[in-house]
Amino acid sequence: MTSKIYEISFLGEAVPAIAKAFDEFDVIVCSGRTTLRCQLPDQAALHGVIDRVRNLGLELLELRIVDPEGRGTPT
């Protein structure tokens, strides 16, 4: 299994303390939402990030797999 690049968006603009919880990822804050862009090795790692979003009380909005050309595919 090869790693994949994901974009995981949640409601709200992450304050510095929330952004720090995801400092190993690219954190994009814009227009009332925050998007994490991360390369993950497998589904277990993806579930770990989703659990982290949930444990921080954040509302998950969208999860996308991003292909090498930068186009996203909703999942």
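Structure's up top.
Treat the numbers as computed from the prediction; the structure is a model and nothing was measured.

1. A word on the overall build of the protein
Consideration 1: Regarding its fold elements, the protein presents two helices and five strands.
Consideration 2: Reading the helices (α) and strands (β) of the protein from amino to carboxyl end gives β-α-β-β-α-β-β.
Consideration 3: Within the protein, buried positions represent 27% of all 75 residues.
Consideration 4: Relative to all contacts within the protein whose residues are 6 or more apart in sequence, the contacts with residues 24 or more apart total 61%.
Consideration 5: When the accessible surface of the protein is summed, it comes to about 4700 Å², and 55% of that surface belongs to carbon and sulfur atoms.

2. Section: the side chain of Thr34
Consideration 1: Among the secondary structure elements, Thr34 is positioned in strand β3 (residues 33–40).
Consideration 2: For Thr34, the side chain forms a polar contact with the main-chain oxygen of Gly12, separated by 2.7 Å.
Consideration 3: For Thr34, the side chain forms a polar contact with the main-chain nitrogen of Ala14, separated by 2.8 Å.
Consideration 4: Ignoring any residue separated from it by four or fewer positions in sequence, one finds Thr34 in contact with Ile8, Ser9, Phe10, Gly12, Glu13, Ala14, Val27, Ile28 and Val29.

3. Re the nonpolar core
It is characteristic of soluble globular proteins that their nonpolar side chains tend to be buried jointly.
Consideration 1: Formed by 15 residues in total, the largest nonpolar core has its most connected members in Tyr6, Ile8, Phe10, Phe22, Phe25, Leu36 and Leu40.
Consideration 2: Listed by contribution, the elements that provide at least two residues to this core are β1 (4–11), β3 and α2 (43–55).
Consideration 3: Contacts of Phe25, omitting those with residues within four sequence positions, involve Leu36, Arg37, Cys38, Leu40, Val49 and Arg52.

The rules behind each value
Residues numbered from 1 in each chain as written. Predicted model: local features only at pLDDT ≥ 70, side-chain atom pairs only at ≥ 80, totals over all residues. Heavy atoms only, no water. Helix = DSSP H or I, 4+ residues; strand = E, 2+ residues; numbered from the N terminus. Buried < 20%, exposed > 50% of the residue type's maximum accessible area, 1.4 Å probe, protein only. Contact = heavy atoms within 4.5 Å. Areas by Shrake-Rupley, 256 points an atom, 1.4 Å probe, with all protein chains shown as cover. Polar contact = N/O pair within 3.5 Å; in protein donor to acceptor, adjacent residues only side chain to side chain. Core = buried A, V, L, I, M, F, W, Y, C linked by side-chain atoms within 4.5 Å.

Everything listed here is a matter of geometry and, on its own, says nothing about what the molecule does.
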